[in-house]
Amino acid sequence: MKTLLQAIDIHKYFGKQHVLKGINLDVYEGETLVIIGPSGSGKSTLLRCLNLLIKPDRGRIIFDGVDITSGGVDINKVRQEIGFVFQSYNLFAHLTAIENVVLGLVKVKKMSREEARRVAAEALLSVGITEDLWSKYPAQLSGGQQQRVAIARAIAMNPRLLLLDEPTSALDPELTVEVLNVLEKLSEKRMTMIIVTHQLGFAMRAADEVVFMEDGKIVEKGPPEKILLNPEKERTREFVSRLMELYRMERMRRQ
Amino acid sequence: MDFNQLFQTIIFIALKGVSNTFLLSFGAFSLGLGLGSLLAFMQVLIGGFASKLIDFVTRVLRSIPPILMLFIVFYGFRINNVVAAIIGLGIISSAYQSQILRGVAEAVAARQLDAALSIGLDLWGSFRSVILPQVVLLSIPALLNEFTTILKDSSIAYAIGVVEMFTTAINLANARMEYAIPLVSVSILYIVICFGISYAASLIHRKISLLGYGESM
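Everything numeric here is computed off the predicted structure, so don't read it as measured data.

Thoughts on the overall build of chain A
Consideration 1: Within chain A, the regular secondary structure consists of nine helices and 10 strands.
Consideration 2: Its C-alpha radius of gyration of 18 Å places chain A within 12% of the 18 Å reference for a compact globule of 255 residues.
Consideration 3: Along the first, second and third principal axes, the C-alpha atoms of chain A reach 55 × 55 × 40 Å.
Consideration 4: A total of 255 residues make up chain A; the buried ones form 47% of that total.
Consideration 5: Once local pairs closer than 6 in sequence are excluded, the contacts in chain A between residues at least 24 apart make up 64%.

A look at the interface of chain B and chain A
Consideration 1: Listed by partner, the interface residues are 20 residues for chain B and 20 residues for chain A.
Consideration 2: At the level of secondary structure, the elements contributing two or more residues to the side of chain B that touches chain A comprise α4 (81-118) and α5 (123-153) of chain B.
Consideration 3: For the side of chain B that touches chain A, the per-class residue count stands at 10 nonpolar, seven polar and three charged.

Some thoughts on unusual backbone geometry
Residues apart from glycine generally show negative phi values, whereas peptide bonds are mostly found in trans.
Consideration 1: A positive phi angle, close to 60°, is found at Leu52 of chain A, a residue other than glycine.
Consideration 2: With respect to the element layout, Leu52 of chain A can be found in the loop between α1 (43-50) and β4 (58-63).
Consideration 3: Judged by the 19 C-beta atoms lying within 10 Å of it, Leu52 of chain A falls in the partly exposed class.
Consideration 4: Here Arg78 of chain B, not a glycine, exhibits a phi torsion of approximately 50°, which is positive.
Consideration 5: Of note, Arg78 of chain B is situated in the loop between α3 (66-77) and α4.
Consideration 6: When the 8 C-beta atoms within 10 Å are taken as the criterion, Arg78 of chain B is described as exposed.

Considering the UniProt feature "domain: ABC transmembrane type-1" (unreviewed entry) in chain B
Consideration 1: Under the UniProt annotation, "domain: ABC transmembrane type-1" (unreviewed entry) lies at residues 18-201 of chain B.
Consideration 2: Between the first and last C-alpha atoms of residues 18-201 of chain B the distance is 21 Å; the span itself is 86% helix and 0% strand.

Concerning the sheet that holds strand β2 (residues 17-28) of chain A
Residues and elements named next belong to chain A.
Consideration 1: If you walk across this open sheet you meet the four strands as β2-β1-β4-β5, and the pairing is antiparallel. The open sheet terminates on both sides in strands that have one partner only, identified here as β2 and β5 (66-67).
Consideration 2: In the sheet, β4 pairs with β5 via two bridges, with the strands oriented antiparallel. What sits directly across from Phe63, in β5, is Val66.
Consideration 3: Sheet contacts for α1: β1 (3-14), β2 and β4; angle to β1, the most-contacted strand, approximately 120°.

Re the packing of helix α4 (residues 113-126) of chain A against helix α5 (residues 143-156) of chain A
Residue and element names in this part refer to chain A.
Consideration 1: Between α4 and α5, the shortest axis-to-axis distance is 9 Å and the interhelical angle comes to 130°. Considering the angle they form, α4 stands oblique to α5. As for the relative orientation of α4 and α5, their crossing is right-handed in sense. Residues Val119, Ala120, Ala123 and Leu124 of α4 touch α5, and the partners they reach there are Val149, Ala152, Ile155 and Ala156.
Consideration 2: Residue composition of the contact of α4 with α5, by class: eight nonpolar, no polar and no charged.

A closer look at the pairing of strand β7 (residues 161-165) of chain A
All names here are of chain A.
Consideration 1: Of all five residues in β7, five are buried, a share of seventy percent or more.
Consideration 2: Neither face of β7 is open: one carries Leu161, Leu163 and Asp165, the other Leu162 and Leu164, and all of them are buried.
Consideration 3: In this sheet, β7 lies alongside strand β6 (residues 82-85) in parallel orientation, the contact comprising four bridges. If you follow Gly83 over to β7, its bridge partner there is Leu162.
Consideration 4: Note: β7 against strand β8 (residues 192-196), five bridges, orientation parallel.

What counts and what doesn't
Residues numbered from 1 in each chain as written. Chains lettered and ligands numbered in written order. Predicted model: local features only at pLDDT ≥ 70, side-chain atom pairs only at ≥ 80, totals over all residues. Helix = DSSP H or I, 4+ residues; strand = E, 2+ residues; numbered from the N terminus. Rg over C-alpha atoms; globule rule 2.2 N^0.38 Å. Buried ≥ 20, exposed ≤ 12 C-beta atoms within 10 Å, placed from the backbone. Contact = placed C-beta atoms within 7 Å. Nonpolar A, V, L, I, M, F, W, Y, C, P; charged D, E, K, R; others polar. UniProt positions renumbered as here; feature names shortened; annotations may be inferred. Pairing = 2+ DSSP bridges. Axes fitted to C-alpha atoms, helices over the stretch in contact; angles between N-to-C directions. Parallel < 35°, antiparallel > 145°, perpendicular 65-115°, else oblique. Left-handed = near helix turned anticlockwise from the far one by under 90°.

In C-alpha cells:
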C-alpha cells in the first residue's frame, strides 16, 4: 500500500496551550481513517493542520511525497488536492447549491462554465442532491442536504484526500443517516478519507483504521474491531464504552 | 394651520433646497464609502500596526462634532462651502462606514474564509469571490442607515451658508417672521425621505434574511 499522507511529530500551541503534542500518522491511499476522542483532544486542530488551514508549530507533513510544511510549496495547489468538509457545512451563503460546487471548478480548476456545471451536476447527483434542489440557496436546504452539497463541493474538485471534521454532529439522527450513507459509498469507492466522528456503527462498517486521540496525543490506533471492541489501553476502553452506551441510548430513543 | 400654505411651503423648500441636500448627502456618502472601504480593507487584510493606527484615527474622527469638522475644512482650507461640507461630512462618515464594513467583513470571513481556502482559492480569490460579494450584500442596510444620518447632518451646512433644505426653511421663516409653517414643512420633508430609505433598507434586510443571515449581522 502506498502512503499518501504522513504526519511527523506535529506540534501546535494556541498561546500557552499545547494542543497537539507530537502526532505521528500515516494514511494509505484508498483507506478510510476514523479519528475518535473526547472534545478538546485536538482532533479538529489536527485535521486543520493537515491541509494547513492551521500552521503547525513543529513537525512535517508529507503529502504524496512532498513536504508541504516546507517554504517552497504552493499551499493553494496542495489544498486543491485535499478536500475539507466542515462540521457546520460552511457553504457559501450567497450562492445556490450548484454554484457552490461550480465556483472552485471555474476559479481554481479553470474549467469553462458549461463543463463546470456538468461536473457539478454529476457530483451533486452522486450525493443524492437532485436537480430540483440545485438552484436553492443553502438556507433553503435541510442540514443533511447542506452537508451533502458540501461533500459534493469537495469531491467535485477530484481530491486525492478528503478531510471531514465531525460531518454529522450538527445533524438530527434522521439526517445523519443520509450523510453517513454518502460517506460509506465514498469509502467503498476507495476515496482516501480522514473522518473525525463518533458514529461507531459507521466506523465499524467503513473504517480501515481507527485512531483514539486524547489530550493532543494519539493513545491507540488499529483496525476498528480492535479499537472499538477490544482495545489495549484502559483509557480507550473507558471512552469507547461510554460512546457505546450513548449509541445504545440513541437507538432506544429512536425505537 | 393653513394646509394650503403648508403645502406650498413644502413645495417651495423642496424645489429650492432638496437638490443641495441630496448633493451633500450623496457626495459625503460616496466619499465616506470610498475612504471607509479603503480603511476597512486595510484593517482586515493587513492588520497589525496598520489596523491599530486606523482604529485610533477613526476614533478621533468619530469624536469630532460634524459642525466643528465643517468649520475646520471651510475656514482651514478656504474652499467653496458646498465642497467643504461634502469633504467634512464625508471624512467623518468614512470612520463610521469603515467600522460597518469591517465588522461585516470579519463576521463573513470567520465563517467562510476556511471554506474558500479549502477548495484551493488563494487569499485574494477567496476575498473576491466569497467574502466581498457577501460583505456588499450584508452591509447595505447599515449603509443606508448611515446615509440617513448624513442626510440629516447635512443640515448643519447651514452654518457655512450652503442653501439646502434647512437653510431654505430658516431663510423663509426669517423673511416671513413666522416659524411654525417653514419648520413643520422641512420636518415633513426630512421624515418622508428618511422613511423611504429605511423602508428600502428593511426590504433588503428581509431579502438577506432569506439567505440565512442572522439578525445580528
